[in-house]
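A structural walkthrough
Single-letter residue listing:
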Amino acid sequence: MELSRKRQRELKKLRRQAGDVWDEQREVLERAASILRDASRQAASVAREDVAPRVRDTYEKRIVPGVEAGVGSVRHAASATRDRFVDDVMPAVTGAIGSAIAVLDVARDKRIRDAIRQVSASGRDLATRAGQKVGLIEVKPSPGPGRYILIGLGVVATAAIAYAAWQTLRADDDLWVEEVDPDAEAPAV
């Protein structure tokens, strides 16, 4: 397709103008990149000279002591809890378990069971005879000693658990003793 000379001149003129605009845009972009580089260098120097020292000082003066104090408190609380558990809870629990085992050992002893059976049978016999002689209604047999032994075990176990819980959960002012400065003078007595 053939263009007229007038159109060709207009197209050449538009190409030149587009090239000029492109060159101008390239110069603007190069200038913007240069300004951006200068700004980033200035920001880096401000951060290095002003911001970093302030952040470091704040970290060293406020955060580090707080963390160290928190770690010390947690260690002290853990040590006090461990000591309380070992000194108070464990002896109470082992004492209760020992008592329960002793009662079970006594209950397992064949001689004692036989003796309890004989006493129970004799008591039932006497109660039945007494009821028949007086003309009362026949006496029902009473529960065996196993029931009372189990009730005793339950009471001992409940008391041991309650004591251990009480010892563990009670407020104890001796846990938080302030440290005394060794260089300070001792109070006059």
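In what follows, the structure referred to is the one given above.
Let me begin by describing the structure that accompanies this report. (Residues numbered from 1 in each chain as written. Predicted model: local features only at pLDDT ≥ 70, side-chain atom pairs only at ≥ 80, totals over all residues. Heavy atoms only, no water.)

**Observations concerning the overall build of the protein chain**
A tally of helices and strands in the protein chain yields 3 helices and 0 strands. In sequence order, the secondary structure elements of the protein chain are arranged as α-α-α. A total of 189 residues make up the protein chain; the buried ones form 7% of that total. Within the protein chain, contacts between residues at least 6 apart in sequence are counted, and of these 76% link residues at least 24 apart. Working note: accessible area of the protein chain is about 16600 Å², and carbon and sulfur atoms make up 60% of it. (Helix = DSSP H or I, 4+ residues; strand = E, 2+ residues; numbered from the N terminus. Buried < 20%, exposed > 50% of the residue type's maximum accessible area, 1.4 Å probe, protein only. Contact = heavy atoms within 4.5 Å. Areas by Shrake-Rupley, 256 points an atom, 1.4 Å probe, with all protein chains shown as cover.)

**A look at a positive patch on the surface**
A grouping of Lys12, Lys13, Arg15 and Arg16 is seen on the molecular surface, where their side chains present a positively charged patch. By secondary structure assignment, the location of Lys12 is in helix 1 (residues 5-108). Classification of Lys12 by relative accessible area gives exposed; the value is 54%. (Patch = residues over 30% accessible without salt bridge, like charges linked within 9 Å, V, L, I, M, F, W, Y side chains within 5 Å. Salt bridge = Lys/Arg side-chain N within 4 Å of Asp/Glu carboxyl O. Lys, Arg positive; Asp, Glu negative; His and termini not counted. Charge placed at Lys NZ, Arg CZ, Asp CG, Glu CD.)

**Focus: a negative patch on the surface**
Together, Asp20, Glu24, Glu27 and Glu30 line one region of the surface with negative charge. Structurally, Glu24 is set in helix 1.

**Remarks on the pattern of salt bridges**
Under the defined criterion, the tally for this structure stands at 4 salt bridges. Ionic pairing is found between Arg7 and Glu10, a salt bridge with its closest N-O pair at 3.6 Å. Pair noted here: Arg7 and Glu10 are both in helix 1, with a separation of 3 residues, about one helical turn. Judged by relative accessible area, Glu10 falls into the partly exposed class, the value being 36%.

**Looking at helix 3 (residues 145-169)**
Along an α-helix, residues three or four apart share an orientation, since each turn contains 3.6 residues. Taking 1.5 Å per residue, 25 residues should reach 36 Å; helix 3 reaches 36 Å between its end C-alpha atoms and fits that length. Among all positions in helix 3, only Leu153, Ala160, Ala164 and Gln167 are buried. (Expected span 1.5 Å × (residues − 1).)

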